[in-house]
Structure formats: structure tokens, C-alpha cells
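Descriptive structure summary
Read off the chains here:
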Amino acid sequence: MWVLHSVTVMNLKSSVAAPFLLVLLFLTSCVAPIAASANNAKKARYVAELEPPSQYDHPYDGLVGERLMPVAETRVICDSLGASHSSADAPGGVACAWVSDNTCFIILPDDELAPVDTYRRHEVAHCNGWPADHPHD
Ligand SMILES: [Zn+2]
């Protein structure tokens, strides 16, 4: 009697646990790809936001002075320039741009989330007159 009883309890337990385990398996096998694609979507949205409007998205008509450096340095330089120059994306930006003597100066990070070319187009667009508050129309 006792043995039978205990078998019944075991069977009950495993029949309750089985669907639960399936759900767990399903969740763990799905969470990783979802997290990865959410990151990709976030990055794609970030890169898309950096895209300048088409009227500013062209080469600068003049000399371009460009410096590439780690983002830790671009932040320091762009912050310090923000105080004395009329510059875009400073303070707090990872890149910045300003025009002086008909020359477009841009400071770009080479270790940030978006490709360097994306930051270059963004900052050159500021030299082309794109306002610092990034209007998109
Ligand atoms: Zn900007």
C-alpha cells in the first residue's frame, strides 16, 4: 500500500513537472536570440539616428581636419571645446565638429558603437549647417 501510494505521488509529480520543464526549455532556448536581436535592433536604431538628413549629407566644401581617437579622449576634447568653440555634439557627445576659417574640424571616436564612417558623415553634416539639436526634416 505504501509503495503504491508513493508511486502514485511520483507519477503525479512528473506529469506536473513535464510541461513546466518544456516551458523552461522553450524559454531558455529563446531568450538568448531575442536578447541578441534586441541589441542589434538597438544598435541599428542608434546608427540610423546618427544619419544626417539628405540635405546635409554631402562632402564639406572646404578643408576637413579630422582626428580619430578613443572615445575616452573624444569626450574630453569635445567637452573642453564646447566651452570656447561653437561646436556640435558637445558637451557629452562622443564626437564633435566645428568650422573655423572655412575648415571643418571633426573629432571622431574609433572605438564606439557605430562605424567611424557613420560618425564622419554625422559630424561633416554639422559642418554643412545641420543644427546641433539634430532636426530630421
Ligand atoms: Zn550631432
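Time to look at the overall build of the chain. Broken down by element type, the chain carries three helices and three strands. Its helices and strands taken in sequence order, the chain reads α-β-α-β-β-α from the N to the C terminus. Burial status across the chain gives 19% buried among its 137 residues. For the chain, the proportion of contacts with a sequence separation of at least 24, taken over those separated by at least 6, is 55%.

Relative to strand 3 (residues 103-109), strand 2 (residues 96-100) runs antiparallel, the two sharing five bridges. What sits directly across from Trp-98, in strand 3, is Phe-105.

Here we take up the nonpolar core. Nonpolar side chains in soluble globular proteins generally cluster together in the buried interior. Formed by 18 residues in total, the largest nonpolar core has its most connected members in Ala-95, Cys-96, Ala-97, Cys-104, Ile-106 and Ile-107. Of all elements in the fold, only strand 2, strand 3 and helix 3 (116-127) reach the threshold of two or more residues within this core. Sorting elements by how many residues they give to this core places strand 3 first, with five residues. In this structure Ile-106 touches Val-64, Glu-66, Ala-95, Ala-97, Arg-120, Glu-123 and Val-124, once residues within four positions along its chain are discounted.

Take unusual backbone geometry next. Unusually for a residue other than glycine, Asp-101 sits at a positive phi of about 50 degrees. Inspection of the secondary structure puts Asp-101 in the loop between strand 2 and strand 3. Asp-101 sits in the exposed class, given 7 other C-beta atoms within 10 Å. With phi around 60 degrees, Asn-102 is a residue other than glycine that occupies positive phi space. Its place among the elements puts Asn-102 in the loop between strand 2 and strand 3. Exposure remark for Asn-102: the 9 C-beta atoms within 10 Å place this residue in the exposed category.

With that out of the way, let us pick up the sheet that holds strand 1 (residues 63-69). Here we have three strands laid out as an open sheet, ordered 1-3-2, and mixed in their pairing. The strands lining the two open edges of the sheet, one partner per strand, are strand 1 and strand 2. For this sheet, the mean inter-axis angle between neighbouring strands, taken without regard to orientation, is 15 degrees. Contacting strand 1, strand 2 and strand 3, helix 3 crosses the sheet at an angle of about 150 degrees to strand 3.

Over its 12 residues, helix 3 extends 17 Å from the first C-alpha to the last, a length consistent with the 16 Å expected when each residue adds 1.5 Å. The first or second residue beyond helix 3 is Gly-129, which carries a positive phi of 110 degrees.

Bringing the confidence of the model for the chain into the picture now. A residue-level look at the chain finds 73% of positions with pLDDT of 70 or above and a mean pLDDT of 82. Within the chain, the lowest mean pLDDT, 65, falls on helix 1 (residues 2-50), and the highest, 97, falls on strand 1. Overall, residues 2-9 carries pLDDT values under 50, and its contacts beyond four positions in sequence, including any with other chains, amount to zero contacts.

A word on the environment of Val-94. When you line up the elements, Val-94 lands in the loop between helix 2 (71-84) and strand 2. Residue classification places Val-94 among the buried residues on the basis of 20 C-beta atoms within 10 Å. Sequence-wise, Val-94 and Ile-107 are 13 residues apart; in three dimensions their C-alpha atoms are separated by 8.6 Å. Setting aside chain neighbours within four positions, we find Val-94 in contact with Val-71, Thr-74, Arg-75, Pro-109 and Glu-112.

Rules and cut-offs
- Per chain, residues are indexed from 1 in the order of the written sequence.
- Reporting of local features is limited, given that this is a predicted model, to residues whose pLDDT is at least 70; pairs of side-chain atoms are given and counted only at 80 or more, and all residues count toward the totals for whole chains, interfaces and linings.
- Segments assigned H or I by DSSP are reported as helices when at least four residues long, segments assigned E as strands when at least two residues long, and all are numbered from the N terminus.
- Any residue whose C-beta has 12 or fewer other C-beta atoms within 10 Å is treated as exposed, any with 20 or more as buried, and any in between as partly exposed, C-beta atoms being built from the backbone.
- Contact criterion: two residues are in contact if their C-beta atoms, reconstructed from the backbone, are within 7 Å.
- For two strands to count as paired, DSSP must find a minimum of two bridges between them.
- Throughout this description, the term nonpolar core refers to a group of buried Ala, Val, Leu, Ile, Met, Phe, Trp, Tyr and Cys residues whose C-beta atoms join them within 7 Å.
- Orientation is described by lines fitted to C-alpha atoms, with helices fitted over the stretch in contact, and by angles between N-to-C directions that extend from 0 to 180 degrees.
- Every helix has an expected span of 1.5 Å times one less than the residues it contains.
- Scored between 0 and 100, pLDDT is the confidence that the predictor attaches to each residue.

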